[in-house]
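Chain and residue survey
Below are the chains, spelled out letter by letter.
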Amino acid sequence: MSETGDLYLELAEDDPFYQHKKTLLSCKGLGVKETLNLRGSLTEQLLNAALEKLLLFGRIANLDKVEVYFGEDACTPAGIYSIRNEISALSWILSLIPVSCNIQTHAVTLEALRAAVKGRISEVVGAEKEKARIVDSYRCDKESRLVEWGQDNGVKTKLQIAHIDGYGRGAIASEDLKFGDVALEIPISSIISEEYVYNSDMYSILEKIDGITSETMLLLWTMREKHNQDSKFKPYFDSLQENFCTGLSFGVDAIMELDGTLLLDEIMQAKELLRERYDELVPVLSNHRHVFPPELYTWEHYLWACELYYSNSMQIKFPDGKLKTCLIPVAGFLNHSVYPHIVKYGKVDTETSSLKFPVSRPCNKGEQCFLSYGNYSSSHLLTFYGFLPKGDNPYDVIPLDFDVIDDEDIETDFSSWTTHMLRGTWLSSNHDIFHYGLPTPLLNYLRRAHGLVHHSETDLWNNLEVEMEVLGTLRSTFDDMLQNLGDADSIDRENADQDVKMAMEFKEQQRKIVSSILDSCSAGIKLVQDFITKPEV
Ligand SMILES: C[S@@+](CC[C@H](N)C(=O)[O-])C[C@H]1O[C@@H](n2cnc3c(N)ncnc32)[C@H](O)[C@@H]1O
């Protein structure tokens, strides 16, 4: 912000999607650099106009890869791309507005703007609106012992651990939390990281293994430390589940249920890789039985530890700049949501030597406080975490494996994509001709594959037969996919095992996505056909 009261907005040049975002900004009549005049006291109308411009810019600047791909058609009528994006954009805007200003009239305007942004933040609501249903019969003894241990070791928390219907353990706000309040703070000394391996008797053996990662070392350390009665982290290990139910330990029935889905391959490949890694480690472990007791290093224990790390670890940036995989007692009780409260965590605060979990939208007393584990598809969440999130997951995409077209135009076009994807077309707001609820980068790719490099909408109007071919290609691809998924099963879901239930739910979600794409293709073909037979005058 300048002394004269101008607020500068700039799209970072090192943004990985700079060209795409530049194009999206220009569609909204904005450039990559914008100035907002906040001089003097603004009327409510001008203040709202300023906020709208900030939001237009902030949303685009904060889009992630999937959101950029689906682009402007993915906005709701109110202009919201996703709850994650909205929260990030509003927090980013807030970080741009100076907290103090020497000139009184500017200070009043800035304060009003801050209040307006905070007002918007409190309006961002989650899908998990219903109050957390706490299972009273579950005694949280182990969990309470861990929280007490944490507090003795410097953990500060505004969360209470409870068993919540449908989530296992979870964290409930014990007071009203507003934007910026730190729900949880964990000192570095209470975090499990690779440092523990370096200071153990394992390190001199493990460091000699070619290509071994610090993650694998930490995993092997954890497998033994879990059974150490004198471990500093005993209350943490005691609080962990005996069995995880991630896709990696799905039974045969659940795996069979996934027939026809890409998830089946994803799980099988992930498990094979783990087995290969384990088989490579076995000779070394067996040569040092005094350090790696064989009964603690079975395949079952190894798989348990892998599931623990996949479902409970976090990537944390330490003051030395290193990104380390960590297990974080107490924070490990936070569940994920597509509509999270906590999105900004992951970096150690050097002043306090602790990891803070501030809320980026209000969480009222009694509500479950959710974290964002990352922008993951449901297949990733099922494979590595063992759950399907509630609500529409905007990251639930079906990747499409096309050969890249060898075309000079494409090579010079920095805004073209090399990979393509689709998702439920109900998430798109534009089902008009040339859009059909389908992503523009994919449609343009297929148009080029059918020989049309268009430069304007007129080119599209002049080549309606190409539209028919593009939609026909997509329809036949997804027809095959729907056939592969088969019909809904007649299995009694109520009485099925948890893994089978989840596999069935996943398949049902896939059918819903594929059917929506097929419906959009058919509606699009009809629309184009109507224009071909009855051209507009
Ligand atoms: C970091 S732990 C969170 C605490 C966990 N619920 C527990 O009881 O220990 C991650 C695991 O929590 C569960 N989980 C997280 N988010 C969830 C959600 N939105 N719905 C259902 N289960 C969820 C999954 O089992 C996941 O592997």
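The shown structure was predicted, so the numbers you read here are calculated from the model rather than taken from an experiment.

As a further point, take the site of the ligand. The ligand sits among 17 residues. The nearest are Gly-168, Arg-169, Ser-311, Asn-335 and Phe-387. Those elements that place two or more of their residues in the shell around the ligand are strand S5 (168-173) and helix H13 (299-312). Element by element, the count of residues in the shell around the ligand is highest for S5, at three residues. Residue composition of the shell around the ligand, by class: five nonpolar, 11 polar and one charged.

What follows deals with the UniProt feature "domain: SET" (unreviewed entry) in the protein. Mapped onto this numbering, the UniProt entry gives "domain: SET" (unreviewed entry) at residues 157-374. The span residues 157-374 carries 33% helix and 17% strand; its end-to-end C-alpha distance comes to 22 Å.

As for its placement among the helices and strands, Asn-37 is situated in strand S2 (residues 33-37). Taking the number of C-beta atoms within 10 Å as the measure of exposure, Asn-37 has 12 and is therefore exposed. For the pair formed by Asn-37 and Ala-50, sequence separation is 13 residues and the distance between their alpha carbons is 8.2 Å. Ignoring sequence-local partners within four residues, the contact set of Asn-37 consists of Gly-5 and Asp-6.

This paragraph deals with the sheet that holds strand S9 (residues 348-349). Pairing within the open sheet is antiparallel, and its four strands lie in the order S3-S6-S10-S9. Of all strands in the sheet, those bounded by a partner on one side alone are strand S3 (156-157) and S9. Looking at chain direction, S3 and strand S6 (residues 182-187) are connected through two bridges and run antiparallel. Note on S6: the bridge partner recorded for Thr-157 is Leu-184.

Turning our attention to helix H4 (residues 83-96). The terminal C-alpha atoms of H4 lie 20 Å apart, and with 14 residues this matches the ideal 20 Å at 1.5 Å per residue to within 8%. Among the 14 residues in H4, 11 count as buried, and that is most of the element. Among all positions of H4, only Ile-83, Arg-84, Asn-85, Glu-86, Ile-87, Ser-88, Ala-89, Leu-90, Ser-91, Ile-93 and Leu-94 are buried.

Our focus in this paragraph is the domain arrangement of the protein. Taken as a whole, the protein is organised into domain 1 (6-123) and domain 2 (398-533). Distance between the C-alpha centres of domain 1 and domain 2: 31 Å. Counting residues at the interface gives 11 residues for domain 1, matched by 12 residues for domain 2. Broken down by secondary-structure element, the contributors of at least two residues to the side of domain 1 that touches domain 2 are helix H1 (18-27) and helix H3 (65-70). Counting residues per element, the side of domain 1 that touches domain 2 draws most heavily on H1, which supplies three residues.

What counts, and at which threshold
Residues numbered from 1 in each chain as written. Predicted model: local features only at pLDDT ≥ 70, side-chain atom pairs only at ≥ 80, totals over all residues. Near = placed C-beta within 6 Å. Helix = DSSP H or I, 4+ residues; strand = E, 2+ residues; numbered from the N terminus. Nonpolar A, V, L, I, M, F, W, Y, C, P; charged D, E, K, R; others polar. UniProt positions renumbered as here; feature names shortened; annotations may be inferred. Buried ≥ 20, exposed ≤ 12 C-beta atoms within 10 Å, placed from the backbone. Contact = placed C-beta atoms within 7 Å. Pairing = 2+ DSSP bridges. Expected span 1.5 Å × (residues − 1). Domains from an automatic or database assignment.

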